[in-house]
Amino acid sequence: MKFGLDGGLEAGATEEPYACDHAFSGTLIWEPDALVEAVEAVVRRGRRVGTHAYGDRAVRVLLDVYERVLARNPGLPAGTLVMEHGGLAGPEQRARAVALGIPVTIQQPLLHDTAEVEEGFWGPERVARLFPARGWLDLGAEVSAGSDFPVGQFGAMRPVWGMTTRQTVIGVKGPEHAISYDEALALHTTHAARLLGEEHLRGTLTPGRYADLTLWDQDPAHCPGDTLRDLNPTHTFVGGRLVTPTDVR
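All of the points below concern the structure found in this document.

About the thresholds
Every chain begins its residue count from 1, and numbering advances along the sequence as written. Predicted model: local features are reported for residues with pLDDT of at least 70 only, side-chain atom pairs are reported and counted for 80 or more only, and whole-chain, interface and lining totals are derived from all residues. Excluding hydrogens and water, the side-chain figures rest on all heavy atoms present in the structure. When DSSP finds two or more bridges between two strands, those strands count as paired. Runs of H or I in DSSP of at least four residues are treated as helices and runs of E of at least two as strands, each being numbered from the N terminus. All axes here are fitted lines through C-alpha atoms, helices being fitted over the stretch that makes contact, and every angle between N-to-C directions spans 0 to 180 degrees. By convention in these notes, a salt bridge is any Lys or Arg side-chain nitrogen within 4 Å of a carboxyl oxygen on Asp or Glu. For every residue, the accessible area obtained with a 1.4 Å probe (protein chains only) is divided by the maximum for its type, and the residue is called buried under 20%, exposed over 50%, and partly exposed between those limits. Each cavity reported here is a set of points on a 1 Å grid over the protein atoms alone in which a 1.4 Å probe fits but cannot get out, each pocket an open set with protein on both sides within 12 Å along at least five of seven lines, and each lining residue one with an atom within 4 Å of a point. Grid points are joined across faces, edges and corners, and a volume is the space filled by probe spheres set on the points. Under the scheme applied here, ten amino acids are nonpolar (Ala, Val, Leu, Ile, Met, Phe, Trp, Tyr, Cys and Pro), four are charged (Asp, Glu, Lys and Arg), and all others, including Gly, are polar. The cut-offs work like this: below 35 degrees is roughly parallel, past 145 is roughly antiparallel, 65 to 115 is roughly perpendicular, and the gaps in between are oblique. In this scheme, a crossing is called left-handed if the near helix is turned counterclockwise away from the far one by less than a right angle; it is called right-handed if the turn is clockwise. Between two residues, a contact is recorded if the distance between any of their heavy atoms is within 4.5 Å.

What follows covers the sheet that holds strand S9 (residues 235–238). Taken in spatial order, the three strands of this open sheet run S8-S9-S10, and their pairing is antiparallel. Here the strands that pair on one side only, and so sit at the sheet edges, are strand S8 (213–215) and strand S10 (241–244). With direction set aside, neighbouring strand axes in the sheet form an average angle of 30 degrees. The pairing of S8 with S9 spans three bridges and is antiparallel. Its bridge partner being in S9, Leu213 is matched across the sheet by Phe237.

The following block contains the structure:
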């Protein structure tokens, strides 16, 4: 079950006012008490919850909510409560999420595609802090990654390229948050499978798992410059079945 706690780039709930409007600091969609009750109604039925929290104020409120749910429902399986995006999560918030055992998903294409618009709302300093993958990994966080398509552009290697370069439509933002190719690839494969509780089925090419794989005309790990950004597989297999291109036998 997915909940949304705040807006996105145009209404993410922030601790400090927006750069473009000092009377506005985003929008919280839920009252904390009501969200606690809603989340509990889901987890008590054995389901998992992912909650959209984009701004740093939303991240703080969500961690408060999740902490209350965990205290009132001891013994919840790991990964029951997930933070979606955690866009502006600061160092203390990241450490708190790790201590609570809250996984987070991050979507680099959102930064790449909307950086110019976000700077108009938040200013360059906050935009450079978005999706701090390096900080999450250094804390040992349970973090995975994706594209957030169709909000973010879809491309097989576009998110990986973005996480290694921190490149955006208006230049590099927050290079200190960049991670390696191997780390970015793992966030989209093995980490994503673990988040879904499907590490025994997918995420690695090993016996007993689904034969989900792609073939490339170049080695993605050694593509020069921006080549990785637009690199797409020549063949894609799902469960061992060729799905693209469909005319290959």
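What the rule picks out here adds up to 16 salt bridges. The partner of Arg134 in a salt bridge is Asp138, and the shortest N-O contact between them spans 3.1 Å. Taken as a pair, Arg134 and Asp138 lie in helix H6 (residues 133–138) at a separation of four residues, close to a single helical turn. A residue is classified by how much of its surface remains accessible, and Asp138, at 56% relative accessible area, is exposed. In this structure, a network of salt bridges that share partners links the residues Glu37, Glu40, Arg44 and Arg72.

Once that is clear, we can look at the layout of surface pockets. In this structure, the largest pocket encloses a volume near 1,200 Å³. Surrounding the largest pocket, 38 residues form its lining, Ala156, Leu185, His188, Thr189 and Ala192 being those nearest its centre. The class makeup of the residues in the lining of the largest pocket is 19 nonpolar, 14 polar and five charged. Looking at the second largest pocket, its volume works out to about 180 Å³. If you trace the second largest pocket, you find 13 residues lining it, with Ala78, Gly79, Pro103, Glu142 and Arg194 closest to the centre.

Let us now look at the pairing of S10. Both S9 and S10 contribute to a ladder of three bridges, which runs antiparallel. Each bridged residue has a counterpart across the sheet, and for Val238 the counterpart in S10 is Arg241. Taking the residues that link successive antiparallel strands as the turn, the S9-S10 hairpin has two residues, and the phi of Gly239 there is positive, at about 60 degrees.

What follows is about the packing of helix H2 (residues 56–72) against helix H3 (residues 91–100). One can describe the packing of H2 onto H3 by two numbers: an axis separation of 11 Å at closest approach and a directional angle of 20 degrees. By the angle class used here, H2 and H3 are roughly parallel. Remark: the crossing between H2 and H3 carries left-handed chirality. Residue-level contacts link Asp56, Val59, Arg60, Leu63, Asp64, Glu67 and Leu70 of H2 to Gln93, Arg96, Ala97 and Leu100 of H3. In terms of residue class, the contact of H2 with H3 is made up of five nonpolar, one polar and five charged.

With that settled, consider the packing of helix H7 (residues 158–165) against helix H8 (residues 181–188). Their axes nearest at 9 Å, the elements H7 and H8 cross at an angle of 140 degrees. Between H7 and H8, the interaxial angle falls into the category oblique. The element H7 and its partner H8 pack so that their crossing is right-handed. Packed against H7, whose contacting residues are Pro159, Val160, Met163 and Thr164, the element H8 presents Tyr181, Ala184, Leu185, Leu187 and His188 at the interface. Residues of the contact of H7 with H8, tallied by class, amount to seven nonpolar, two polar and no charged.

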